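# Commentary on secondary and tertiary structure
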Amino acid sequence: MNPLLAKLQPYPFERLRALTRDVRPNPAFKPISLGIGEPKHATPEFIKSALSAGLDGLAVYPATAGEPALREACSAWLRRRYGVAVDAATQLLPVNGSREALFSLAQTVIDPSRAGATVVCPNPFYQIYEGAALLAGAHIVFADSDPARNFAVDWSSIDEATWACTQLLFVCSPGNPTGAVMPLEEWKKLFELSDRHGFVIASDECYSEIWFGDEPPLGGLEAALKLGRTDFRRLIAFTSLSKRSNVPGLRSGFVAGDAEIVKAFLLYRTYHGGAMGPAVQRASVAAWNDEPHVEHNRALYREKFARVTPLLAEVLDLRLPDAGFYLWAGVPGSDAMRDQRFARELLAQYNVTVLPGSFLARDTARGNPGTGRIRMALVAGVDECIEAAERIAAFTRFF
């Protein structure tokens, strides 16, 4: 067996199952899960129809680079959304969801034979970053989030010696689980570091279409363009239809950016078997070409957050995030296990599932930045989310 597999830690939901294995939820309440970030809004009918219409293409092997119609739909969306123009043939690739692409990019760009091969990522973080780094043979270093800045990542916590060994930086904006969005000045800092040390920036932007303010979140390619980096050197942006269009089961997204990296990534994916099925491509074209369903989806999330956030802010340490569909909330108490204890007892007494924040982070010199916090995914319907919030508020008053 690959010895690097032994370095992988249990996934957060495995840890949650172990934590609550002996819990018997109160049968007086129907179960409500705010644990997994899996969209529950209805998939638009036109996407399902396009998927069905694409079934006549199952008798052919799809190209790893995707059909021209899909690449053009993705590049057209980038122009509409960010004002960014990319060459659909050389700077863009369809992928089977951002998760597999984030993992496989690390296998493409990391050179483990170089001394001190390092990957930097936020803390807390999406667990794929860590697994991708470890299985690529790299060392991983975590940059803690800063509560004083609504949990934006403190990139200054990484010293120059670490940056000098870094080959890949994972950025998540809007962040999971914090919802923080990186402003242009932070992008400028990261681009300067990339220029100085030569590392690749992987910008995970799968929550980009759910926001609460007047302006949509800034994207990595958009930031590069604003700063005159028109070749998007050493930058690859990742996006997905899962949250945008409520199709997590479709497994569809795309990457775009530096043409040299895209070329190498295509080579890797050709051997890896990363081609997207024809029916999925057909449905994806339909989804990327339509915005009204995205606006409707965003309105549902805005209604939920507008109604749930005030209820929970009375009893928990939280505020409205910049974007995304998570609430990142501090729970009462001072002991190191309080987020896990909160999750266990909430499930037992009120049959609501939340994820302990410590499961989404790793210990650094500053401790575990997820300790004492919980992540709540407001993915269910409006009424169900409000009911969950009312139960959490009732529970917290006596926690």
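Going by the structure above, here's the rest.
Description of the structure in this document.

Definitions and limits used
Residues numbered from 1 in each chain as written. Predicted model: local features only at pLDDT ≥ 70, side-chain atom pairs only at ≥ 80, totals over all residues. Heavy atoms only, no water. Patch = residues over 30% accessible without salt bridge, like charges linked within 9 Å, V, L, I, M, F, W, Y side chains within 5 Å. Areas by Shrake-Rupley, 256 points an atom, 1.4 Å probe, with all protein chains shown as cover. Salt bridge = Lys/Arg side-chain N within 4 Å of Asp/Glu carboxyl O. Helix = DSSP H or I, 4+ residues; strand = E, 2+ residues; numbered from the N terminus. Buried < 20%, exposed > 50% of the residue type's maximum accessible area, 1.4 Å probe, protein only. Core = buried A, V, L, I, M, F, W, Y, C linked by side-chain atoms within 4.5 Å. Contact = heavy atoms within 4.5 Å. 1 Å grid on protein atoms, 1.4 Å probe; cavity = no way out; pocket = protein on both sides within 12 Å on 5 of 7 lines; lining within 4 Å. Points joined across faces, edges and corners; volume = space filled by probe spheres on them. Nonpolar A, V, L, I, M, F, W, Y, C, P; charged D, E, K, R; others polar. Axes fitted to C-alpha atoms, helices over the stretch in contact; angles between N-to-C directions. Parallel < 35°, antiparallel > 145°, perpendicular 65-115°, else oblique. Left-handed = near helix turned anticlockwise from the far one by under 90°. Pairing = 2+ DSSP bridges. Phe/Tyr/Trp six-rings, centres within 6.5 Å; stacked < 30°, edge-to-face > 60°. Lys NZ or Arg CZ within 6 Å of the ring centre and 35° of its normal.

## Re a nonpolar patch on the surface
Together, M1, L5 and L8 make up a nonpolar patch on the protein surface, roughly 370 Å² of accessible area in all. With respect to the helices and strands, the residue L5 is situated in the segment before α1 (12–19). On the accessibility criterion, L5 (43% relative accessible area) is partly exposed.

## A few points about the nonpolar core
Within the largest apolar cluster, 46 residues are counted, with the highest numbers of intra-cluster contacts made by L34, L312, L316, V354, M376 and I392. Of all the secondary-structure elements, those providing two or more residues to this core are α1, α12 (292–313), β10 (326–330), α13 (338–350), β13 (373–377) and α14 (382–396). Broken down by element, this core gets its largest block of residues, eight residues, from α14. When residues no more than four places from it in sequence are discounted, the contact partners of L312 are L318, L327, M376, A389, I392 and A393. L190, A223, A237 and L250 belong to the second largest nonpolar core, which has 45 residues in total.

## A few points about the layout of surface pockets
Counted as a void, the largest pocket has a volume near 520 Å³. Surrounding the largest pocket, 25 residues form its lining, Y11, G37, R99, Y126 and K243 being those nearest its centre. Those elements giving two or more residues to the lining of the largest pocket turn out to be α1, α4 (98–109) and α9 (241–245). The class makeup of the residues in the lining of the largest pocket is 12 nonpolar, seven polar and six charged.

## Notes on the packing of α4 against helix α5 (residues 128–135)
Relative placement of two packed helices is described by the angle separating their axes and the distance separating the axes. The contact between α4 and α5 brings their axes to 8 Å, and the two run at 30°. Judged by the inter-axis angle, α4 sits roughly parallel to α5. Where α4 crosses over α5, the handedness of that crossing is right-handed. Residue-level inspection shows R99, L102, F103, A106 and Q107 of α4 in contact with α5, the latter providing I128, Y129, G131, A132 and L135. The residue inventory of the contact of α4 with α5, partitioned by class, reads seven nonpolar, two polar and one charged.

## Focus on the environment of S358
Inspection of the secondary structure assignment puts S358 in the loop between β12 (355–356) and β13. Overall, S358 belongs to the buried group, its relative accessible area being 8%. Remark: the alpha-carbon pair of S358 and G372, spanning 14 residues in sequence, is separated by 7.3 Å. Filtering out sequence-adjacent residues up to four positions away, S358 remains in contact with R15, D339, Q340, N368, G370, T371 and R373.

## Quick look at the sheet that holds β12
Ordered by their spatial adjacency, three strands build an open sheet running β10-β13-β12, and the pairing between neighbours is antiparallel. Edge positions in the open sheet fall to β10 and β12, since each of these has one partner strand only. Set on the sheet, α12 makes contact with β10 and β13; between it and β10 the angle comes to about 5°.

## Re the packing of aromatic side chains
Under the criterion given, the structure shown has 21 aromatic pairs. Measuring from centroid to centroid gives 6.0 Å for Y11 and F13, while their planes differ by 50°, and the two rings are tilted. An aromatic cluster of at least three residues, connected via ring pairs, comprises F29, F342, Y350, F395 and F399. Over the face of the ring belonging to W211 we find R298, whose NZ or CZ atom lies 3.7 Å from the ring centre.

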